[in-house]
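# Close look at the chain arrangement
As a plain string of letters, each chain reads:
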Amino acid sequence: MAALQIKEVPSKLHECARARAEELDLTLGDYVLSLIRRDLERSQAREWRAQLLERPVVAIPVGLVVELIREGRGEDG
């Protein structure tokens, strides 16, 4: 496992992060790692959304959608 060192963290920011970690019953290192993971997940979600928006839009008739939903529910038309 790699190590990460952050230098020149302002005292107020360090104290706030330490306090938040304590509130969450985490070490400061675990808290910072959770923030990094969350940020990376958001980045992946943005990339996925951008790819999705690039795809062509396919129009499906509303009646067909309703029919398929009813069929899936086992309902009669």
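On a predicted model such as this, the values are computed, not experimentally measured, just so you know. (Residues numbered from 1 in each chain as written. Predicted model: local features only at pLDDT ≥ 70, side-chain atom pairs only at ≥ 80, totals over all residues. Heavy atoms only, no water.)

### A word on the overall build of the protein
Counting its secondary structure elements, the protein contains three helices and zero strands. Reading the secondary structure of the protein in the N-to-C direction produces α-α-α. Radius of gyration (C-alpha) of the protein: 24 Å, far over the 11 Å computed for a compact globule of 77 residues. The buried share of the protein, reckoned over its 77 residues, is 4%. For the protein, the computed accessible surface area is about 7,500 Å², with 55% contributed by carbon and sulfur atoms. Here the protein carries 12 positive and 14 negative side-chain charges, and the mean point of each set is 5 Å from the other. (Helix = DSSP H or I, 4+ residues; strand = E, 2+ residues; numbered from the N terminus. Rg over C-alpha atoms; globule rule 2.2 N^0.38 Å. Buried < 20%, exposed > 50% of the residue type's maximum accessible area, 1.4 Å probe, protein only. Areas by Shrake-Rupley, 256 points an atom, 1.4 Å probe, with all protein chains shown as cover. Lys, Arg positive; Asp, Glu negative; His and termini not counted. Charge placed at Lys NZ, Arg CZ, Asp CG, Glu CD.)

### Some words on helix α3 (residues 62-73)
With 12 residues, α3 should cover 16 Å at 1.5 Å per step; its first-to-last C-alpha distance of 17 Å lies within 8% of that length. Directly beyond the C-terminal end of α3, a positive phi value near 80° is found at Gly-74. (Expected span 1.5 Å × (residues − 1).)

### As for the environment of Ser-11
Relative to the helices and strands, Ser-11 is located in helix α1 (residues 11-23). For the pair Ser-11 and Ala-59, spaced 48 residues apart in the sequence, the C-alpha separation amounts to 55 Å.

### Considering the environment of Leu-52
Here Leu-52 lies in helix α2 (residues 28-54). On the accessibility criterion, Leu-52 (40% relative accessible area) is partly exposed. A sequence separation of 24 residues divides Leu-52 from Leu-28, and the C-alpha atoms of the two residues are 36 Å apart.

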